[in-house]
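# Remarks on the overall topology
The lines below spell out each chain.
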Amino acid sequence: MKKIDEYLGQVKCVAIAGHIRPDGDCTGSCLATYNYIRTYYKDIRVDLYLEPIPNIFKFLPGADEICSEIPEDVTYDLFIAQDCGDTARLGKAVRLFETAGTTICIDHHISNQSFADVNHIFPGASSTSELIYGLLPAERVTEGIAECIYTGIVHDTGVFQYSCTSQRTMQIAGELMRLGIPYTRIIEETFYTKTYPQNRIMGLSLIKSVLHLDGRCISSFITAAEMEEYDVLPKHFEGVVSQLRVTKGVEAAVFLYETAEGAWKVSLRSKERVDVAAVAVQYGGGGHVRAAGCTVEGEPEEIIDGIIDLVRRQMQDAACGAEGER
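Attention in this report is confined to the structure presented alongside it. (Residues numbered from 1 in each chain as written. Predicted model: local features only at pLDDT ≥ 70, side-chain atom pairs only at ≥ 80, totals over all residues. Heavy atoms only, no water.)

Let's shift gears to the packing of aromatic side chains. Within the structure shown, the criterion is met by 11 aromatic pairs. Seen from their ring centres, Y36 and Y41 are 6.3 Å apart, and the 55° between their planes marks the pair as tilted. When sorted by exposure, Y36 lands in the same class as Y41, which is buried. Taken together, a centroid distance of 6.1 Å and an interplanar angle of 75° make the contact between Y49 and Y76 edge-to-face. Note that Y49 is positioned in strand β2 (residues 45–49) and Y76 in the loop between β2 and β3 (78–82), a separation of 27 residues in sequence. When sorted by exposure, Y49 lands in the same class as Y76, which is buried. In this structure an aromatic cluster arises from ring pairing among Y36, Y40 and Y41. Between R185 and the ring centre of F59, over which it is positioned, the NZ or CZ distance is 5.7 Å. (Phe/Tyr/Trp six-rings, centres within 6.5 Å; stacked < 30°, edge-to-face > 60°. Buried < 20%, exposed > 50% of the residue type's maximum accessible area, 1.4 Å probe, protein only. Helix = DSSP H or I, 4+ residues; strand = E, 2+ residues; numbered from the N terminus. Lys NZ or Arg CZ within 6 Å of the ring centre and 35° of its normal.)

What follows is about the pairing of strand β8 (residues 252–260). The buried count for β8 comes to 7 of 9 residues, which makes it a mostly enclosed element. Where β8 meets strand β9 (residues 263–270), 8 bridges bridge the pair, whose relative direction is antiparallel. Bridge pairing in β9 links F255 to S267. Hairpin connection, β8 to β9: the antiparallel pair is bridged by 2 residues, and G262 has positive phi, about 80°. (Pairing = 2+ DSSP bridges.)

Another aspect to go through is a negative patch on the surface. A grouping of E299, E301, E302 and D305 is seen on the molecular surface, where their side chains present a negatively charged patch. Structurally, the position occupied by E301 is in helix α11 (residues 300–325). (Patch = residues over 30% accessible without salt bridge, like charges linked within 9 Å, V, L, I, M, F, W, Y side chains within 5 Å. Areas by Shrake-Rupley, 256 points an atom, 1.4 Å probe, with all protein chains shown as cover. Salt bridge = Lys/Arg side-chain N within 4 Å of Asp/Glu carboxyl O. Lys, Arg positive; Asp, Glu negative; His and termini not counted. Charge placed at Lys NZ, Arg CZ, Asp CG, Glu CD.)

A few words now on the pairing of strand β11 (residues 291–297). On any regular strand, side chains alternate: one points to one face of the sheet, the next to the other face. Of the strand pairs in this sheet, β9 and β11 are connected by 7 bridges, and their pairing is antiparallel. Note that in β11 the partner of K265 across the bridge is T295. The pairing of strand β10 (residues 286–287) with β11 spans 2 bridges and is classified as antiparallel. From the neighbouring strand, G287 faces β11, where its bridge partner is A292. Where β10 folds back on β11, the antiparallel hairpin that results is connected by 3 residues.

Sheet architecture is open: 5 strands sit in the order β2-β1-β3-β4-β5, paired in parallel fashion. Edge positions in the open sheet fall to β2 and β5 (118–121), since each of these has one partner strand only. Between one strand axis and the next, the sheet turns through 15° on average, direction left out of account. Relative to β3, strand β1 (residues 13–17) is paired through 4 bridges, and the arrangement is parallel. Its bridge partner being in β3, A15 is matched across the sheet by F79. In this fold helix α1 (residues 24–40) packs onto β1, β2 and β3, with an angle of close to 165° to the strand it touches most, β2. Contacting β3, β4 (102–107) and β5, helix α3 (residues 128–135) runs over the sheet at an angle of about 120° to β4. (Axes fitted to C-alpha atoms, helices over the stretch in contact; angles between N-to-C directions. Contact = heavy atoms within 4.5 Å.)

Read these as spatial facts, not as claims about activity.
Next up, the structure:
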């Protein structure tokens, strides 16, 4: 896939969708594509389907035009799935994917199953937003499109601190900044600024945290009752697992929150030695080597014990491999 334009010449209607519970990269990359088509292909009907996005991203151009309800009687010539590893992660939008004339998947998750007709999958990229930048003609990237792409890159790189950040990532960020985007405000208001309930639930998560494997792994979980008590939603947990990960001496972090009775959303992060995507796959999830997730049913302590055991095995294998090389 060279440029996205090669797929837009003969279509009359396009649907774009990302994964359930959209984060910064999902929201930013999808809005970048949406704004590009809306700006340069005015004869094409383009609709963007996402679950409600976090309020911090609603300043992005086109955010107020996102559709959260899936129509019953509409089919599309082209469906573009972004930042999504499999059809199940499309949520209700999967029906539009299944009935579309042609499907494209643009993603950077190593666990992606290449489920579309055309698959543009590059696990080495920092973000799907970075991939979208490469698929658009540079001269057609407006300031508004640049804001969307920059926001996505910032969030999937942890403001350029994660190992997925490459020289190309920084070059792209520089090109986006050159277009006059408010890059400082984007970082401050969407990454660092937290509401009071977010700070409280972060505090509770840290207080409840437990160290494992001689301090090399850390875990915490929040129940549905605690979410109600602290008046928080799933979107308010952004940054919790990353904060656990930066604990001194910790290699891997595990964070759970309850989504329904006995069902838990699991977020995993690591620093250098643990492939958390491999752990998540064991539970039907996926993601990146250093950032992954899954949804698991059961008791939180038992889920954590099972994940910690997989982490322990990886660490032991890595230690044996290092010993064998000596």
